[in-house]
Amino acid sequence: MKKSIITAVLFLAAFKGSAQDFTFSQFYDVPLYRNPAIAGIYNGNLRLTSAYRSQWGSVTVPYQTQAFSAEVSVPVGYSYDLITYGIQLANDVAGDLKLGRTQFLPVFCFHKSLNEDISFLTFGVMGGYIQSQFDPTKVLLGSQFNYNDPMNPYQNTFTSRTSFSYLDASTGLAFNSEFNDGTRYYYGVSVYHFLRSKVYFIDQSSSILRPRFSLNGGINFVTGNFDHLYMFGDAMVQGGNRQLIMGMYYTHNVTDYDDERDNIALSGGASYRWADAVIPTARMQMHHLQLGVSYDLNISKLKSASQYRGGLELTLSYVNTLNALRSRKYKEHLGCYDFPKRF
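Being a predicted model, the structure only gives us computed values, none of them experimental.

Caption draft 1: Broad picture of the overall build of the protein chain. Along the protein chain, the regular secondary structure elements total three helices and 14 strands. Counting the 343 residues in the protein chain, one finds 47% classified as buried. Considering only contacts in the protein chain between residues 6 or more positions apart, those separated by 24 or more positions represent 57%. As displayed, the protein chain offers around 16,900 Å² of accessible surface, 61% of which is attributable to carbon and sulfur atoms.

Caption draft 2: Quick look at the pairing of strand β7 (residues 184-192). Burial runs high along β7: seven of the nine residues are buried. In the sheet, strand β6 (residues 163-178) pairs with β7 via nine bridges, with the strands oriented antiparallel. If you follow A174 over to β7, its bridge partner there is G188. Connecting β6 to the antiparallel partner β7 that follows it, the hairpin turn spans five residues, and G182 within it adopts a positive phi of roughly 95°.

Caption draft 3: Region of interest: unusual backbone geometry. Phi is positive for R196, close to 50°, though the residue is something other than glycine. Looking at where R196 falls in the secondary structure, it is placed in the loop between β7 and β8 (212-222). A positive phi angle, close to 60°, is found at A275, a residue other than glycine. Among the structural elements, A275 can be located in the loop between β11 (264-273) and β12 (277-286).

Caption draft 4: Representation of the packing of aromatic side chains within the structure. Applying the stated rule across the entire model yields 17 aromatic pairs. Where F179 meets Y185, the ring centres are 4.7 Å apart and the plane angle is 25°; that geometry is what we call stacked. Residue Y185 is classed as buried on the basis of its relative accessible area of 17%. Both rings, one in F232 and one in Y249, keep their centres 6.1 Å apart while their planes meet at 25°; by these two values the pair is stacked. Remark: Y249 occurs in strand β10 (residues 241-253) and F232 occurs in strand β9 (residues 228-238); sequence separation between them is 17 residues.

Caption draft 5: Here's a closer look at the pattern of salt bridges. Within the structure shown, the criterion is met by 10 salt bridges. Among the ionic pairs, K112 bridges to D81, the shortest N-O distance being 3.3 Å. Linking K112 in strand β4 (residues 99-113) with D81 in the loop between β2 (63-75) and β3 (82-94), this pair joins segments that are 31 residues apart in sequence. A relative accessible area of 8% means that D81 is categorised as buried. The structure contains a network of salt bridges with shared partners spanning R53, R273, D276, D296 and E313.

Caption draft 6: Layout of a nonpolar patch on the surface. On the surface, Y85, F108, F110, F123, V125, L173, V189 and L215 cluster together into a nonpolar patch covering about 680 Å² of accessible area. Sorting the residues of the nonpolar patch by element identifies β4 and β5 (120-133) as the ones contributing at least two each. Take L215: its relative accessible area is 52%, and that puts it in the exposed class.

Caption draft 7: Up close: the pairing of β2. Pairing analysis gives 10 bridges linking strand β1 (residues 46-55) to β2, with the strands arranged antiparallel. Within β2, the residue paired with R53 across the bridge is T65. Pairing of β2 with β3 involves 12 bridges; the strand directions are antiparallel. Residue pairing in the sheet places A67 in a bridge with A90 of β3. Counted between consecutive antiparallel strands, the loop separating β2 from β3 contains six residues, among which G77 sits at a positive phi close to 55°.

Caption draft 8: Region of interest: the side chain of Q103. Tracing the sequence through the fold places Q103 in strand β4. In contact with Q103, other than residues within four places in its own chain, are F22, Y33, Q88, L89, A90, Y129 and I130.

Caption draft 9: Examining the nonpolar core more closely. Counting residues in hydrophobic clusters, the biggest one holds 15 residues, and the most contacted among them are V107, M126 and Y166. Those elements that provide at least two residues to this core are β4, β5 and β6. Sorting elements by how many residues they give to this core places β4 first, with four residues. If we skip the residues at most four places from it in the chain, V107 touches L32, P36, A39, T84, Y85, G86, I87, V125 and M126. In this structure, Y28, I38, I41 and Y249 belong to the second largest nonpolar core, which totals 13 residues.

Caption draft 10: Representation of the environment of G95 in the model. As for its placement among the helices and strands, G95 is situated in the loop between β3 and β4. G95 sits in the buried class, given a relative accessible area of 9%. Linking G95 and Y63, residues 32 residues apart in sequence, is a C-alpha distance of 5.9 Å.

Caption draft 11: Inspection of the environment of R196 at higher detail. What makes R196 partly exposed here is its relative accessible area of 46%. It is 9.0 Å that separates the C-alpha atoms of R196 and A169, two residues lying 27 residues apart in sequence.

Caption draft 12: Expanded view of the confidence of the model for the protein chain. In this model, the protein chain carries a mean pLDDT of 83, and residues with pLDDT of at least 70 account for 77%. Across residues 153-157, where pLDDT falls below 50, the model places six contacts with residues more than four positions away in sequence or in other chains.

Thresholds applied
- Each chain carries its own residue numbering, running from 1 in the direction its sequence is written.
- In keeping with the predicted nature of the model, local features appear solely for residues at pLDDT of at least 70, side-chain atom pairs appear and are counted solely at 80 or more, and the whole-chain, interface and lining totals rest on all residues.
- Only hydrogens and water are set aside when side-chain values are computed; all heavy atoms of the structure are taken into account.
- Runs of E in the DSSP output that reach at least two residues are strands. Runs of H or I that reach at least four are helices, and both are numbered from the N terminus.
- The buried label goes to any residue with under 20% of its type's maximum accessible area, the exposed label to any with over 50%, and the partly exposed label to all in between, with areas taken from a 1.4 Å probe on protein chains only.
- Contacts between residues were defined by any pair of non-hydrogen atoms, one from each residue, lying within 4.5 Å.
- In these tables, accessible area is a Shrake-Rupley quantity obtained with a 1.4 Å probe, and a residue counts as shielded only by the protein chains included in the view.
- A pair of strands is treated as paired once DSSP finds two or more bridges between them.
- Here the aromatic set is Phe, Tyr and Trp, taking the six-membered ring for Trp, and pairing holds for ring centres within 6.5 Å; pairs whose planes are under 30 degrees apart are stacked, those over 60 apart are edge-to-face, and all others are tilted.
- A carboxyl oxygen of Asp or Glu within 4 Å of a side-chain nitrogen of Lys or Arg is what we treat as a salt bridge.
- Only residues whose relative accessible area exceeds 30% and that form no salt bridge enter a patch; like-charged residues are grouped when within 9 Å of one another, and nonpolar side chains (Val, Leu, Ile, Met, Phe, Trp, Tyr) when within 5 Å.
- Buried Ala, Val, Leu, Ile, Met, Phe, Trp, Tyr and Cys residues that are joined via side-chain atoms within 4.5 Å together make up what is termed a nonpolar core.
- pLDDT measures how confident the predictor is about each residue, on a scale from 0 to 100.

Structure (structure tokens):
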């Protein structure tokens, strides 16, 4: 009976938790969850990114999240202005109940050039369709509420819907530029879930997906022959919840190519999620591909149960500059094939 009560409590908590956003430890590699206006802020005009995260396996059934995003940037006419089109896909499954969400979110950004190809002001918007569901056969309650017992006259007491869908939208602003020494930086502000959609399994008209407000920033210091020090930070508020995460890593180029996008490089660093986790990170870049791996060392109040173990996360990115994505007018106007350096 004690196990049934615990499961019921977790079940109700999962309903409430379905309204909270999931995050990634390598948050700088999943930019569309930071700020829609960060789409397109990279060196190139095509970026594909995938991420996989498995967490809390030492405490309960692992929570697993998969995400994929694509961004394509194209110039606007004869100017240095840019437009970025993209899409964010994600799916996560949590706990014994297989509580999950599937997201399909297109994104659009307009990058207004303020100083030719050096400074840009970006407006971005992202919105689309989200579905949430769970497996009712995994719910364990007291015998009088046994959903799986066909001989129990009370089996229909559990009448909650097991899935729902809703529309979601987010928007943001960002500014990126560089200092005289070649150091590039960006910062931005965003608001997610401003549609305030209703999200619930049990009929509660007050269950509203609260907006999430965030501040974002990143800076890229050139420290040598194409060696770089990258630093990032996000501060977020959603309802009564707050999160601060900061990260940095140093990249050393193993080979000495003139074009850093065709280089082979190794990176190491760490992130810190305030009062929650310390996250060592290792990365390897080979030409246009980049692989990252990190592991959360849990330092929250759950550290006794987790034994400091949190979650494994893997990211894989492909970044390139494709001539086919440069308009003819853009090439003729600039007289070259260089695409603006963004970060």
